[in-house]
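Okay, here's what each chain looks like letter by letter:
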Amino acid sequence: MSQMRKIKVIGGGLAGPEAALQAAKRGCTVDLYEMRPTRSTEAHQTDDFGELVCSNSLKSESENSAPWLLKQEMRRVGSVLLAAADATAVPAGHALAVDRVEFSRRVAERISAEPRITVHREEVTSLDENDPTTLTVLASGPLTSPALAAELQRLTGSDHLAFYDSISPIVDATTIDMDKVYFAARYDKGTADYINCPFTKEEYDRFMEALTTAEAVEAKDWEKFPATGTAEKLQYFEGCLPIEETARRGRDTLRFGPMKPVGLTDPKTGRWPYAVVQLRQENLRADSYNLVGFQNHLKYGEQNRVLKLIPGLENATFLRYGQIHRNTYIHAPSLLTETLQLKAHPNIMIAGQLSGVEGYTESIASGMLAGIYSAAIANGEAPAPAPRLSANGSLTHYITHAETKKFQPANITFDLLPPLEEDLRKKIRDKKERHKLQCDRALNAWETWLAQTS
Ligand SMILES: Cc1cc2nc3c(=O)[nH]c(=O)nc-3n(C[C@H](O)[C@H](O)[C@H](O)COP(=O)(O)OP(=O)(O)OC[C@H]3O[C@@H](n4cnc5c(N)ncnc54)[C@H](O)[C@@H]3O)c2cc1C
């Protein structure tokens, strides 16, 4: 106890209050900073702690679903915000939806009832990575204020902080001209899951001209590059550049990138086309496909015009257009340890959406872990990472180990959990049964970890 350090939590949204309350429960002194109402974000409407900025749903409560598992683990730890959600639930079928005003009121109540937490209503604009007396939990969210984002960029390097999320357009499968396109796997390796839209040289030139001159969505003030306030220097991870930006880098950049035709023999010609756009099945029903690598920042009308120049999509109906929206998050795979500390500056921890998790519940879960870990460190102990088999551990494993180039924030899904052992997989064909076993296994691992941690 003699080594106890102070904990500074930045952000009074979802992850921050949970982190502060968990650390305080473990005997730590916490300073909790929230910039609202002095300064707000584009999405927040109130000055409340734990504001749900959009929907009021904390996702599925169906037994043995991945979001249910995450919540069950959180309940077993005693997540304060999840308890507030449970107490303020409104009818929503199989989902946990809450009365958002009542939810925030309860969160505020718990914070003010905690004598170890001191609230500071001010914007934090600098981070002291070398202060040995303080541990910082940065939970300032996807709309982190520009000054703090610039400060984080100083600590992490410019390539490691993204300000935008990219979404590819989706096309209605019934509107694709199947006579013009073909299924193929590159070099016939694996199954032919992708639909390929083949271009001739002339078609490619026409498409490039339209793409590079199409009108982009104007960045709103709050979406502009935090450090400079300009939209010209949008900060994308190289793995998910908008397609028009890639196209502007050179006439052939797309042909050697997302429109690469090599190994995709067109059965009609017996040759590789000049370029292709690949369509990937979006759902199990196979009634929609997304355009691989076609995230973009163009106006919807412009997308409709330009994407119809793709052979086979002349009469396509787009179910969703590409988008890029403000979402500040770090490149966790290169920056974070499994205990949510910056590798280069272990006194600074990152939690919530800023760490690369996606969603309300995931953000609370990440705050919960940051609270537990920071309390252990403040008490002079080595924090034990959440077990890999659990939903919490799998989410952290994803953000800290994801394929680095294309890292994007993720919700909890079974894809993130380790699969069952092979003999069980072979024996059990029913997906629901498999998920149940994965949940049982996760909860067992979680209980063991909890017994060692709390
Ligand atoms: C517009 C929008 C809609 C979303 N809708 C949904 C949805 O419907 N469902 C869902 O599951 N997820 C949604 N998300 C994603 C995500 O779940 C939420 O953003 C969630 O609130 C993230 O929690 P957080 O604690 O990481 O950040 P936040 O809840 O945003 O909390 C961060 C807090 O830090 C404060 N802050 C920022 N900078 C500073 C600073 N310099 N100093 C002090 N305080 C600061 C902010 O004011 C804020 O209160 C949405 C995100 C956005 C941007």
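Scoring rules and cut-offs
Residues numbered from 1 in each chain as written. Predicted model: local features only at pLDDT ≥ 70, side-chain atom pairs only at ≥ 80, totals over all residues. Heavy atoms only, no water. Near = heavy atom within 4 Å. Polar contact = N/O pair within 3.5 Å; in protein donor to acceptor, adjacent residues only side chain to side chain. Areas by Shrake-Rupley, 256 points an atom, 1.4 Å probe, with all protein chains shown as cover. Nonpolar A, V, L, I, M, F, W, Y, C, P; charged D, E, K, R; others polar. Pairing = 2+ DSSP bridges. Helix = DSSP H or I, 4+ residues; strand = E, 2+ residues; numbered from the N terminus. Domains from an automatic or database assignment. Salt bridge = Lys/Arg side-chain N within 4 Å of Asp/Glu carboxyl O. Buried < 20%, exposed > 50% of the residue type's maximum accessible area, 1.4 Å probe, protein only. Arc of directions from axis to C-beta. Contact = heavy atoms within 4.5 Å. Core = buried A, V, L, I, M, F, W, Y, C linked by side-chain atoms within 4.5 Å. pLDDT = per-residue confidence, 0-100. Phe/Tyr/Trp six-rings, centres within 6.5 Å; stacked < 30°, edge-to-face > 60°. Axes fitted to C-alpha atoms, helices over the stretch in contact; angles between N-to-C directions.

Caption draft 1: Spatial organisation of the site of the ligand. Taken together, 31 residues lie near the ligand, and Glu-34, Arg-36, Ser-145, Gln-353 and Gly-359 sit nearest. At 3.0 Å, a backbone N or O of Leu-14 approaches an oxygen atom of the ligand. Within the contact set of the ligand, a nitrogen atom lies 2.9 Å away from a backbone nitrogen or oxygen of Val-124. When the free accessible area of the ligand is taken as 970 Å², the share hidden by the protein chains comes to 88%. In terms of residue class, the shell around the ligand is built from 13 nonpolar, 14 polar and four charged.

Caption draft 2: Examining the sheet that holds strand S5 (residues 95-98) more closely. In spatial order, the strands read S3-S5-S4; together these three strands make up an open sheet with antiparallel pairing. This sheet does not close on itself; its edge strands, each paired only once, are strand S3 (57-60) and strand S4 (89-90). Relative to S5, S4 runs antiparallel, the two sharing two bridges. Across the sheet, the residue bridging to Val-90 is Ala-97, located in S5.

Caption draft 3: Representation of the domain arrangement of the chain within the structure. Annotation of the chain at the domain level lists domain 1 (6-159 + 330-453) and domain 2 (166-326). In this structure, domain 1 and domain 2 have C-alpha centres spaced 34 Å apart.

Caption draft 4: The pattern of salt bridges, seen in detail. Taken as a whole and assessed by the stated rule, the structure comprises 24 salt bridges. Glu-34 is the partner of Arg-36 in a salt bridge, and the nearest nitrogen-oxygen pair spans 3.1 Å. Residue classification places Arg-36 among the buried positions, given a relative accessible area of 1%. In this structure, the salt-bridge partner of Glu-51 is Arg-36, at a minimum N-O distance of 3.3 Å. Within this pair, whereas Glu-51 is found in the loop between strand S2 (30-33) and S3, its partner Arg-36 is found in the loop between S2 and S3, the two being separated by 15 residues in sequence. Take Glu-51: its relative accessible area is 8%, and that puts it in the buried class.

Caption draft 5: Layout of the pairing of strand S7 (residues 134-138). Within S7, five of the five residues are buried, leaving the element largely enclosed by the surrounding structure. Neither face of S7 is left uncovered, since the one carrying Thr-134, Thr-136 and Leu-138 and the one carrying Leu-135 and Val-137 both have all their residues buried. Pairing of strand S1 (residues 6-10) with S7, which is carried by five bridges, proceeds in the parallel orientation. Directly across from Ile-10, in S7, lies its bridge partner Leu-138. For S7 and strand S16 (residues 348-350), the ladder comprises three bridges, and the chain directions are parallel. Note that in S16 the partner of Val-137 across the bridge is Met-349.

Caption draft 6: Representation of unusual backbone geometry. Put simply, Arg-36 and Pro-37 share a cis peptide bond, and its omega is 5°. With phi around 65°, Leu-340 is a residue other than glycine that occupies positive phi space. Tracing the chain through its elements places Leu-340 in the loop between helix H9 (332-335) and S16.

Caption draft 7: Representation of helix H8 (residues 300-307) within the structure. Buried within H8 are the following residues: Glu-302, Gln-303, Val-306 and Leu-307. The arc that holds every buried residue of H8, seen down its axis, measures 115°, which confines them to one face. Considering only its buried residues, H8 is in contact with helix H6 (201-213), strand S13 (288-291) and strand S14 (318-320).

Caption draft 8: Examining the nonpolar core more closely. Among the nonpolar cores identified, the biggest contains 89 residues, and Ile-7, Leu-58, Phe-103 and Ile-350 are the most heavily contacted of them. With 11 residues, the single largest contributor to this core is helix H10 (residues 360-378). Apart from residues no more than four positions distant in its own chain, Ile-350 is found in contact with Leu-138, Leu-152, Ile-330, Leu-336, Leu-340, Leu-342 and Ser-355. With 31 residues, the next largest nonpolar core counts Val-171, Ala-275, Ile-310 and Leu-313 among its residues.

Caption draft 9: Layout of the confidence of the model for the chain. On average, residues of the chain carry a pLDDT of 91, and 93% of them reach 70 or more. Contacts for the low-pLDDT stretch residues 225-233, under 50 throughout, to residues beyond four places or in other chains number 16 contacts.

Caption draft 10: Highlighting the packing of aromatic side chains. Enumeration over the complete set of coordinates arrives at nine aromatic pairs. Summarising the aromatic geometry, the rings of Tyr-204 and Tyr-274 are spaced 5.5 Å apart at their centres and angled 70° between planes, so their arrangement reads as edge-to-face. In this pair, Tyr-204 is assigned in helix H6 and Tyr-274 in the loop between helix H7 (243-248) and strand S12 (275-281), connecting sequence segments 70 residues apart. Measuring from ring centre to ring centre gives 5.0 Å for Tyr-300 and Tyr-321, while their planes differ by 25°; the resulting arrangement is stacked.

Caption draft 11: Seen up close, the sheet that holds S14. In space, the six strands of this open sheet follow the order S10-S11-S12-S13-S9-S14, with antiparallel pairing throughout. Strands with a single pairing partner mark the edges of an open sheet, and in this sheet they are strand S10 (182-184) and S14. Taken pair by pair, the neighbouring strands of this sheet meet at an average axis angle of 40°, ignoring direction. Note that S12 and S13 share three bridges and pair antiparallel. Bridge pairing in S13 places Arg-280 opposite Asn-290.

Caption draft 12: Focus on the environment of Gly-93. Of note, Gly-93 is situated in the loop between S4 and S5. For Gly-93, a relative accessible area of 75% corresponds to the exposed category. When the C-alpha atoms of Gly-93 and Gln-22 are compared, they prove to be 30 Å apart, with 71 residues separating the residues in sequence.

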